[in-house]
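Fold and geometry: a report
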Amino acid sequence: ANLYSGELKDYKKAEKYYLMAIDSKNILAKGALANLYFSYKKKKVKALELAEQAYKNEINYASQITFAEILLWHNKIEKSNTIANQFLFDEKYLTEYIDDLKEYLFLLLSKNQYQFLYDYFTSPQAEELNIKNRLKPIWYALMYFMQDTHPNEYLRMGEELEETVKEIVKKVEQMKIDYA
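In this report, we go over the structure that sits alongside the text. Just so it is clear, the model here is predicted, and its values are computed rather than measured.

1. A closer look at helix α12 (residues 136-145)
Among the ten residues in α12, seven count as buried, and that is most of the element. Of the residues making up α12, those classed as buried are Ile-138, Trp-139, Tyr-140, Ala-141, Leu-142, Met-143 and Phe-145. In this structure, the buried residues of α12 make contact with α8 (98-110), α9 (114-122), α11 (131-134), α13 (151-155) and α14 (159-178).

In structure tokens, the structure reads:
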């Protein structure tokens, strides 16, 4: 199922094998299938059910991020933020799962969670972990969306990040549609 999901990009076969794995009591399969549904924007309700079961059965980085993302998809913002706080300041997560974190932050942007993100980036914990510098393009994408309240910060971006920030903004705008 992981091969079909990841490398071969065959949704139907991946789903088939994840369902078989769930039937065989594989504890990781529910979270993986929930993530597949999320990635392909399919079976929204089933994705939430599976993600919650996976999260309750085995709390790990994969189950946390998948559950947090799917909660956002369902506009359960507060609950998603609570789950996210379990990994947002975790050094291991920031190092080993940075791409997953970026996707989650993009989704937060698409859900207009600007103040939550601003508080995240400017918190003492984030400062200690150098998060603003590690995720500089996302910080400036946030500032793009918050230009009314922080106009000078967006102007500090610099030319070298301009194209990357534009790509992030475009992706976020698409996510607003895809995960409405």
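2. Observations concerning unusual backbone geometry
Here the phi dihedral of Lys-25 falls at roughly 70 degrees; this positive angle occurs in a residue that is not glycine. Examined against the element boundaries, Lys-25 turns out to sit in the loop between α2 (11-23) and α3 (29-39). Its relative accessible area of 68% is what places Lys-25 among the exposed residues. Even without being a glycine, Asn-130 presents a positive backbone phi close to 60 degrees. In this structure, Asn-130 sits in the loop between α10 (124-129) and α11.

3. A few points about the nonpolar core
Residues Phe-87, Tyr-104, Leu-105 and Phe-121 are the most contacted members of the largest nonpolar core, which totals 64 residues. Setting aside its immediate chain neighbours within four residues, Phe-121 contacts Leu-105, Ala-126, Ile-131, Lys-132, Leu-135, Ile-138, Trp-139 and Leu-142.

4. What to know about the packing of helix α5 (residues 61-73) against α8
Look at α5 against α8: their axes get within 10 Å of each other, and the N-to-C directions meet at 15 degrees. Classified by the angle their axes make, α5 and α8 are roughly parallel. Crossing geometry of α5 relative to α8 is assigned as left-handed. Judged by residue contacts, Ile-65, Ala-68, Glu-69 and Leu-72 of α5 engage Asp-100, Glu-103, Tyr-104, Leu-107 and Leu-108 from α8. Considered class by class, the residues forming the contact of α5 with α8 number six nonpolar, no polar and three charged.

Basis of the calculations
Residues numbered from 1 in each chain as written. Predicted model: local features only at pLDDT ≥ 70, side-chain atom pairs only at ≥ 80, totals over all residues. Heavy atoms only, no water. Buried < 20%, exposed > 50% of the residue type's maximum accessible area, 1.4 Å probe, protein only. Helix = DSSP H or I, 4+ residues; strand = E, 2+ residues; numbered from the N terminus. Contact = heavy atoms within 4.5 Å. Core = buried A, V, L, I, M, F, W, Y, C linked by side-chain atoms within 4.5 Å. Axes fitted to C-alpha atoms, helices over the stretch in contact; angles between N-to-C directions. Parallel < 35°, antiparallel > 145°, perpendicular 65-115°, else oblique. Left-handed = near helix turned anticlockwise from the far one by under 90°. Nonpolar A, V, L, I, M, F, W, Y, C, P; charged D, E, K, R; others polar.

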